[in-house]
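Coordinate inspection notes
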Amino acid sequence: MGKDILTKENIRLNQSLNSKEEAVRYTGKILADNGYVQDAYIDKMLEREEVTSTFMGNYVAIPHGTEDARELVEETGLSVVTVPDGVDFDGNTVKVLIGIAGKENEHLDVLSKIAIVCSEEENIQKIVDATSEEDIINLFDEVN
């Protein structure tokens, strides 16, 4: 693997986002701006939301592209965005957005590690309360 999956440049703390679409676009743009995906991947993330919401419970959403978006992925990567005041995902409040782009089947391994971190409610609170990118990276250190 080339790049680290999660870097400081992929993390945005204490954001204020007004809609699910804005949240998904913002999360995807971080991945695009840092060379993990082509810009068209963001549209595939929005397409995925139309098929099924990426809200996972515990105030977490994991936006990612559709199956046919794989050729738009340059490197496996994550973006993490915290929204302490929450953003509405079809009636559910999301405070932590984790954008995923996976090369081949690497996203499945990454997803399972994220699921372990996010299954603990106290970890979600730690993510939302994080004051630095390092705090987030330390929580997800097993993913890199």
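Structural notes, computed from the coordinates. In this text the structure is predicted, and so the values were computed from the model without any measurement.

A few points about the overall build of the protein
Helix and strand content of the protein: five helices and five strands. For 144 residues, the compact-globule formula gives about 15 Å, and the C-alpha radius of gyration of the protein, at 13 Å, lands near that figure. Principal-axis analysis of the C-alpha atoms gives the protein an extent of 35 × 30 × 25 Å. Counting the 144 residues in the protein, one finds 48% classified as buried.

Some remarks on the packing of aromatic side chains
The final tally for this structure, using the stated rule, is zero aromatic pairs. Note that Lys-95 overlies the ring of Tyr-59, its terminal NZ or CZ placed 4.9 Å from the centroid.

Points about the pattern of salt bridges
Using the criterion set out here, one finds ten salt bridges in the structure. The salt bridge involving Lys-29 is made with Asp-33; its shortest N-O contact spans 3.0 Å. A residue pair is termed a helical-turn pair when its members lie 3 or 4 positions apart in one helix, as Lys-29 and Asp-33 do in helix 1 (residues 20-33) at four residues. A salt bridge links Asp-68 to Lys-44; the nearest nitrogen and oxygen atoms lie 3.2 Å apart.

Reading the values: the criteria
Every chain is numbered independently, its residues counted from 1 as its sequence is written. Side-chain atom pairs in this predicted model are given and counted only at pLDDT of 80 or more, local residue features only at pLDDT of at least 70, and totals for whole chains, interfaces and linings cover all residues. Processing note: side-chain calculations cover all non-hydrogen atoms of the structure and skip hydrogens and water entirely. Numbering of helices and strands starts at the N terminus; helices are DSSP runs of H or I of at least 4 residues and strands are runs of E of at least 2. Two things to know: the radius of gyration comes from C-alpha atoms, and the globule rule equals 2.2 Å times the number of residues to the power 0.38. Three labels apply to residues, based on accessible area from a 1.4 Å probe with only protein chains included: buried if under 20% of the type maximum, exposed if over 50%, partly exposed otherwise in between. Centres within 6.5 Å are what make two rings of Phe, Tyr or Trp a pair, Trp counting through its six-membered ring; a difference in plane orientation under 30 degrees is then read as stacked, over 60 as edge-to-face, and the rest as tilted. As a reminder, the over-ring test applies to NZ of lysine and CZ of arginine, requiring each to be within 6 Å of the ring centre and within 35 degrees of the ring normal. Salt bridge, as applied in this entry: a Lys or Arg side-chain nitrogen positioned within 4 Å of an Asp or Glu carboxyl oxygen.

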